[in-house]
Each structure stands twice: as C-alpha cells, then as structure tokens.
Amino acid sequence: MYLWQTARRRQVIWKSLKSDLLSPVKRVAIVKLMNSGKLWFLAKALLTSAALLAGPRAFALERWFYVSQNLWVDQNITNVLGWMQRASQAGYTHVLLNDSKFSRLATMDAHYFRNLNTIKQAASNLNLEIVPALFPVGYANDLLFNNPNLIEGLPVTNTLLVVSNGLASIQPDPPVSFPGGNFSNLNLWSWKDPNVVEDNGAARLTDPNGVNARIVQQLTVKPFRQYHISVQVKTTNFLTAPRVLILGNGLALNYNNLGVQPTQDWTTHHVVFNSLSNSTVSVYFGVWGGTTGSLWWDNATIEEVAFLNLIRRPGAPLRLETESGAPLVEGTDFAPLSDPLMGSVPYAGVYDIYHTPPQLHLLSAKLTNGIRLRASWYHAVTVYDDQATICLSEPATLTLLLEQAQRMQAAWSTRGYFMSHDEIRVMNWCAACQDRHLDAGPLLADNVRTCASILRQVNPGGRIYVWSDMFDPNHNAHANYYLVRGDLTGSWLGLDNDLIIVPWDYDTRAASLQFFAGLGNRHVIAGYYDADPTLVTNWLNAARPYTGISGVIYTTWQSSYANLETFAQILANYPVPSLWRTPRLLASFTTAQTQLILEGERGHRYFIQQAYDLNQWTTWTNVTANDATLTFSTSPLTNRSQFFRAACVQ
C-alpha cells in the first residue's frame with residue numbers, strides 16, 4: 001500500500017517548479033526514503049539534473065479512442081473490430097471501452113463473454129491497450145438495474161393524509177392550483193412575455209426568433225413536498241424544445257426534458273418536483289432562445305402527491321404517524337408499502353416521470369375515517385432523459401461497486417480501469433447521506449477514495465483514470481450544482497496524485513490543467529467530442545507548461561469515427577515538449593520489502609540513479625519500459641537517507 005495512503009502517513013512534498021526556472025529537458029523525478037526507528041518517511045519533489053538527460057527527441061503521446069457499444073450484439077463486435085483495426089494502423093495505443101452490460105455482468109451469458117474474449121484477443125494482436133469504464137455513479141441506471149431502490153432520493157416530510165374507508169389519501173396542505181390554468185385568461189398569470197398570446201383558449205407562441213417566450217405563475221407551496229404538474233402541448237414545426245421550469249429562490253427544482261416533438265397534436269406531458277426548502281415557487285411554461293414554428297399550452301394542473309416513485313431501503317426510511325405523533329408500524333397498522341413501478345418500466349433501472357402512485361392501505365381498526373396522518377419518505381428523481389444517480393452512502397452501493405470491480409477484473413484483467421465519476425447531479429439528500437453530516441464535497445471525496453481503494457484491492461499496481469469535472473472548481477466542483485445538497489468544494493481532496501485525471505471541458509481547459517497539475521496528477525486529455533478535430537491543438541497548447549501529459553482521447557459520443565485518422569495525424573504532427581516526458585517516481589512498502597514504482601510510457605528508456613547526499617549519484621538501473629508502470633524492489637532501508645531519481649532519456 002502506498003505510504004501516504006496509510007495511517008502511518010507522515011509527509012509528502014510535491015513541488016512543481018516553474019518552467020522559466022528549469023529547462024524542460026532537465027526535469028527529473030526524485031524520491032527520498034528514510035528509516036527512523038520503525039517509521040519510514042517519503043518525500044518527493046521535482047528537481048533538476050543535467051547529467052541524466054540527453055537532448056530532446058520526438059515523444060509520442062498515447063492516442064486513445066472511445067468506444068461505447070453493447071458487446072452482446074455480434075454486429076457491434078464486427079464494428080468495434082473494424083474501428084480497432086483502423087485505430088491501430090493510425091497509431092492509436094488505447095481503447096476506452098464502455099458497455100452498459102459492465103454493470104450487470106452477473107446476468108450475462110456465455111455468448112457475451114465469448115464476444116469479450118474476441119475483443120481482448122484483437123486488442124492483443126493490434127497492440128492496443130483496453131481500459132474499461134466502470135463505477136458509473138452519476139449515470140447509474142445500469143448499476144441500478146441490480147437494485148432500483150439504490151437511487152439517490154429527495155426527502156418528503158410530514159405530508160398530510162386523511163383516513164377514509166381503509167385508505168389514507170393525500171389532503172393538499174395547503175391546496176395548490178394554477179389560477180388561469182386553462183389559459184383562457186392570460187391576465188390571471190403572474191406575468192408573461194409579450195410574444196405569448198391567447199389563441200382559442202390556449203396560450204400560443206409563434207416564431208420566437210431567439211427571444212424568450214414564457215408564461216409564469218408564482219405559487220405557495222409547503223417545503224419538502226412532492227408535486228405533480230400536467231400540461232397539454234401542441235406544436236407545428238417547432239424546432240426548440242419547450243420546458244416547464246420550476247424555480248425556488250432562483251434555483252431550479254427540476255431538470256427533466258418534456259419530450260415534446262417538433263410537430264404533434266395535443267399531448268399531455270408531466271413534470272414532478274420537490275419543493276425542497278421553498279415556501280414559494282415560480283412555474284415557467286416556455287421557451288428560451290426559440291427559433292421558428294408554433295407551440296400551444298393548455299390545461300395546466302398542479303397537485304400534491306404521495307408515494308410517487310417511493311424508495312425503500314434502510315437509508316431512505318418511510319415514517320408514518322398520527323398527527324399527534326404516535327408512530328404507525330408497517331405490517332401491523334398499515335400494509336407493506338412500495339411503488340412497483342418505481343425504476344422498473346420498461347425494465348429495472350429505468351425511472352418514469354409520472355404514473356399513478358400506490359395507495360396506502362390501513363390494517364388497524366383504530367384508524368377510523370377522518371383521522372389525520374403524517375407521512376415522510378424519499379422519492380426517486382432523475383435529470384434530463386432519465387439520468388439517475390446512485391446513493392453514495394448506502395452500504396449496498398459499496399457492495400455493488402466492489403462486485404462490479406471484481407467481475408470486471410475477472411472478465412478483462414486489464415492494466416487500468418476508468419472510473420466514471422462524471423456529472424453526478426443528485427447527491428447528499430437521503431438519510432444515509434445526511435446521517436454522515438458531510439458536505440457534498442467531502443462526501444464525494446470519500447466515495448472516489450473508496451472506489452480507488454476497491455480497484456487497488458482487485459488490481460494491485462494497476463492504473464486508475466477518472467473524469468475531471470466533479471473534482472474541478474473551474475467546472476462542476478462548486479455550490480448550487482443541479483440537485484446536489486451542499487457545496488462540492490473540496491471533492492478533489494479524495495484524489496491522491498496516483499490517479500490520472502481526464503479533463504474534458506474545452507472552455508475551462510487552461511484553468512483545469514493548471515489546477516490538476518498543481519495537485520501533482522498526470523493527465524490524459526479528452527478531446528474531439530464530435531467537433532472540429534483541429535481544436536485538440538488548443539488543448540495541447542494549454543497543456544505545454546505542465547508535466548505528466550501522457551495522452552489524448554478521440555472522444556465521440558455519436559460513435560462517429562470519420563475523423564479517427566485525421567485526429568491521430570494532428571497528434572503525430574504536434575511538437576510535443578520534452579517536459580511531458582518527465583516520469584513519476586513513487587515508493588511503496590510492506591513490513592518486509594521496499595519498492596520503487598516508475599510511471600512513464602511504454603517503449604521509452606528510463607534511468608534510475610541513487611545517492612545518499614544528493615551529490616554523488618550512481619546508476620541504479622537503466623531500462624526500456626515494456627509497460628507504463630514499472631516496479632523495482634530495493635534493498636532494506638538502513639538508518640541513512642537514500643535518494644532515487646528517474647528521468648526519460650529516449
């Protein structure tokens with residue numbers, strides 16, 4: 001285990017010297033080993049040495065390409081093999097591989113694993129390194145296939161129910177409705193944009209031409225209650241997606257897409273939101289920056305609902321009591337309650353916006369008509385088109401992540417894995433999370449630290465990659481991020497500098513690269529994104545001041561490989577600075593053995609030298625790397641300090 005990851009951690013020093021102080025070709029990595037009694041200390045810094053390095057030579061970046069396919073389908077295997085063949089011929093070195101089935105390998109048949117072996121054999125023949133993606137905690141629908149109740153949920157507190165004929169039904173508290181919801185009198189709304197007009201009892205907007213077109217109602221609600229909105233929509237050649245947006249204290253409370261087609265007859269669409277801490281909300285029906293076509297709104301309704309997409313797990317408890325505070329017992333006072341449609345239509349891990357909620361059936365004869373009850377629970381919530389986040393705190397989640405890592409290692413046995421910690425948009429609401437008394441940043445830091453530990457357990461010495469955005473204060477690691485409770489600041493404290501960061505936000509590229517370089521992390525840059533392939537040079541230019549830039553990914557979300565060769569040629573022609581060749585030198589130990597770990601790139605030659613005084617250096621080893629990570633055993637430590645330094649010379 002790495003020393004700075006244990007309870008015996010004492011000191012780690014990482015100093016990045018400015019490029020105007022050192023010539024890039026004189027950068028080396030140094031590690032100091034010292035034995036003091038029973039404690040071993042490590043200190044590391046980036047220092048200079050003119051003696052080690054020869055003149056600068058061409059340095060080839062790792063060239064990655066992204067593939068996301070259902071590998072059970074034979075035609076997809078044929079497609080992937082074709083892309084791999086082209087990529088190998090173009091000089092690519094790595095495949096970032098994703099498949100929804102990676103989250104449910106326990107359900108896969110022999111046919112699927114034969115297809116995996118076909119991919120593995122082809123990668124070996126083509127000298128391509130496969131890096132599988134796992135831990136999709138932000139886009140967790142595939143993980144949630146195993147247990148839909150592990151979705152992160154929002155709290156509902158003290159909803160009023162009234163007993164009638166053996167059922168407890170919701171009593172709106174307070175009653176809520178849209179004045180003028182039939183749109184026959186637009187003056188009943190709080191305000192509207194001038195281009196929203198009345199048209200035969202509906203609200204119409206036509207050809208907004210870039211101007212916002214909205215009609216808004218401000219409503220009084222109860223904090224932490226669940227509300228359902230329905231509205232009818234008709235369109236004719238309307239090219240911009242309309243939205244129903246609910247704002248509370250200026251912050252959005254919902255993010256789901258309506259799914260309106262450019263041309264459709266009257267269709268009912270649904271929105272569900274949690275009021276969270278708000279007593280008033282503003283409900284917008286409208287379009288922001290619309291272009292052309294016509295859209296009509298009609299028959300808008302709102303209601304408070306109970307038990308819609310109800311979550312049942314230990315960290316999301318259901319509480320039911322009389323209004324006087326006497327608790328009711330499930331199975332004794334009321335029938336076991338669940339929502340059978342939650343996360344299961346059309347299959348497990350898929351969450352719809354609205355369906356008829358389940359009813360609460362009472363068992364106790366003491367619960368007679370008219371008795372008022374109060375219910376608290378947690379409900380599932382998704383973002384955009386059914387994006388679901390898994391709870392980061394429920395113990396069953398960690399069990400599921402460990403099982404995935406073990407099954408992936410058994411299936412792939414790769415050098416490295418890619419942690420899919422990106423765009424985690426719902427977090428830190430359920431009791432399992434809140435009982436930990438952590439802000440969002442420390443909560444996420446703990447999770448990524450745990451996930452890295454899992455991978456080191458199942459794949460010792462392997463490389464670990466992770467998306468940048470949730471750990472970057474220039475990107476998503478801040479307060480008021482979607483439906484995250486609290487501030488994501490400090491999430492990056494869960495990243496030890498052995499993790500390789502994959503920055504992907506083009507607009508914040510300079511600040512992001514600088515931030516993670518300051519933490520001491522290496523980078524693989526995710527470029528392309530189905531845009532102009534030449535834009536990758538702007539990424540590379542922004543990265544020139546920093547060490548540890550090891551590769552670039554041809555990242556396509558559209559499975560479009562038309563520019564695969566062009567992108568590779570741009571990388572091949574780029575004048576890579578020698579600074580990027582600087583290796584990292586780490587150390588690990590057990591009670592019996594000390595090891596040096598050199599992180600560089602395959603195919604390059606490295607020197608490691610040793611000294612006791614930082615002056616008299618002798619060659620310790622000289623090796624051409626057959627892997628990106630090399631491990632060397634050292635002699636037992638004495639009471640003398642011992643220094644090692646490494647550099648890439650070819």
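Residues numbered from 1 in each chain as written. Predicted model: local features only at pLDDT ≥ 70, side-chain atom pairs only at ≥ 80, totals over all residues. Heavy atoms only, no water.

**Here's the deal with the confidence of the model for the protein chain**
To keep it simple, the criterion reads: How sure the predictor is of each residue is captured by pLDDT, a score from 0 to 100. Contacts were defined at the residue level, with two residues in contact if any of their heavy atoms lie within 4.5 Å.
Overall, the predicted model of the protein chain reaches an average pLDDT of 90, with 90% of residues at or above 70. Contacts from residues 1–26, a stretch scored under 50 in pLDDT, to residues over four places away or in other chains number 59 contacts. Per-residue pLDDT stays below 50 along residues 36–58; that stretch engages in 83 contacts with residues further than four places along the chain or on separate chains.

**Quick notes on the pattern of salt bridges**
Rules: By definition, a salt bridge exists where a carboxyl oxygen of Asp or Glu is found within 4 Å of a side-chain nitrogen of Lys or Arg. Working definition: with a 1.4 Å probe on protein chains only, accessible area under 20% of the residue-type maximum means buried, over 50% means exposed, and in between means partly exposed.
In total, this model carries 20 salt bridges according to the counting rule given. For Arg204, the salt bridge goes to Asp199, with nearest N and O atoms at 3.0 Å. Under the relative-accessibility criterion, Asp199 is labelled partly exposed at 21%.

**Examining the pairing of strand E13 (residues 243–248)**
Definition in use: Following DSSP output, two strands are said to pair if at least two bridges run between them. Each helix corresponds to a stretch of at least 4 residues labelled H or I by DSSP, and each strand to a stretch of at least 2 residues labelled E; elements are numbered beginning at the N terminus.
Pairing between E13 and strand E16 (residues 280–287): 5 bridges, direction antiparallel. Bridging from a neighbouring strand, Ile246 pairs with Val283 of E16. Bridging between E13 and strand E14 (residues 251–252) involves 2 bridges; their strand directions are antiparallel. When the sheet's bridge partners are listed, Gly248 is paired in E14 with Leu251. Between E13 and E14, which pair antiparallel and follow one another directly, the connecting turn spans 2 residues, one of which, Asn249, has a positive phi of 55 degrees.

**Here's the deal with the packing of aromatic side chains**
For any two aromatic rings, the description comes down to two numbers: the centre-to-centre distance and the angle of the planes. What counts is decided by this rule: To pair, rings of Phe, Tyr and Trp, with the six-membered ring standing in for Trp, must have centres within 6.5 Å; the planes then decide the type, stacked if under 30 degrees apart, edge-to-face if over 60, and tilted in the middle. Distance and angle both matter: a charge sits over a ring if NZ of Lys or CZ of Arg is within 6 Å of the ring centre and within 35 degrees of the ring normal.
Inspection of the entire model under this criterion finds 36 aromatic pairs. On the numbers, 6.4 Å between centres and 75 degrees between planes, the contact of Tyr255 with Tyr384 is edge-to-face. On the criterion of sequence distance, the pair formed by Tyr255 in the loop between E14 and strand E15 (264–274) and Tyr384 in the loop between strand E20 (372–380) and helix H4 (395–412) is long-range, its members being 129 residues apart. Grouping aromatic residues by their ring pairs yields a cluster made of Trp64, Tyr66, Phe418, Tyr465, Trp467, Trp504, Tyr529 and Trp557. Between the NZ or CZ atom of Arg104 and the centre of the ring of Phe145, over which it lies, the distance is 4.6 Å. Here the basic side chain of Arg243 rests over the ring of Trp288, its NZ or CZ set 5.3 Å away from the ring centre.

**Description of the packing of helix H7 (residues 509–519) against helix H8 (residues 536–543)**
Inclusion rule: Axes here refer to lines fitted to C-alpha atoms; in helices the fit is confined to the stretch in contact. Angles between the N-to-C directions go from 0 to 180 degrees. In these notes the angle categories are as follows: under 35 degrees is roughly parallel, over 145 is roughly antiparallel, 65 to 115 is roughly perpendicular, and the rest is oblique. Working rule for handedness: look at the near helix, and if it is turned counterclockwise from the far one by less than a right angle, call the crossing left-handed; if clockwise, right-handed. Under the convention adopted here, Pro, Cys and the residues Ala, Val, Leu, Ile, Met, Phe, Trp and Tyr are nonpolar, Asp, Glu, Lys and Arg are charged, and Gly plus all remaining residues are polar.
Remark: H7 packs on H8, axes separated minimally by 9 Å, with the N-to-C direction vectors making an angle of 40 degrees. The angle between H7 and H8 falls in the class oblique. Pair H7 / H8 crosses with right-handed handedness. Every residue of H8 that contacts H7 at Arg509, Ala510 and Leu513 is listed here: Asn538, Trp539, Ala542 and Ala543. A per-class count over the contact of H7 with H8 returns 5 nonpolar, 1 polar and 1 charged.

**What about the sheet that holds strand E21 (residues 416–419)?**
In sheet architecture, strand pairing relies on hydrogen bonds along the backbone and comes in two forms, parallel and antiparallel. Read around the barrel, 8 strands follow the order E3-E4-E5-E21-E23-E25-E26-E27 and close on themselves; strand pairing throughout is parallel. Put simply, the sheet's adjacent strands are angled 25 degrees from each other on average, direction ignored. The sheet contact formed by strand E26 (residues 522–528) and strand E27 (residues 549–555) spans 6 bridges and is parallel. Residue pairing across strands places Tyr528 opposite Thr555, the latter belonging to E27. Lying on the sheet, H4 is in contact with strand E4 (94–98), strand E5 (129–134) and E21; it crosses E5 at an angle near 160 degrees.

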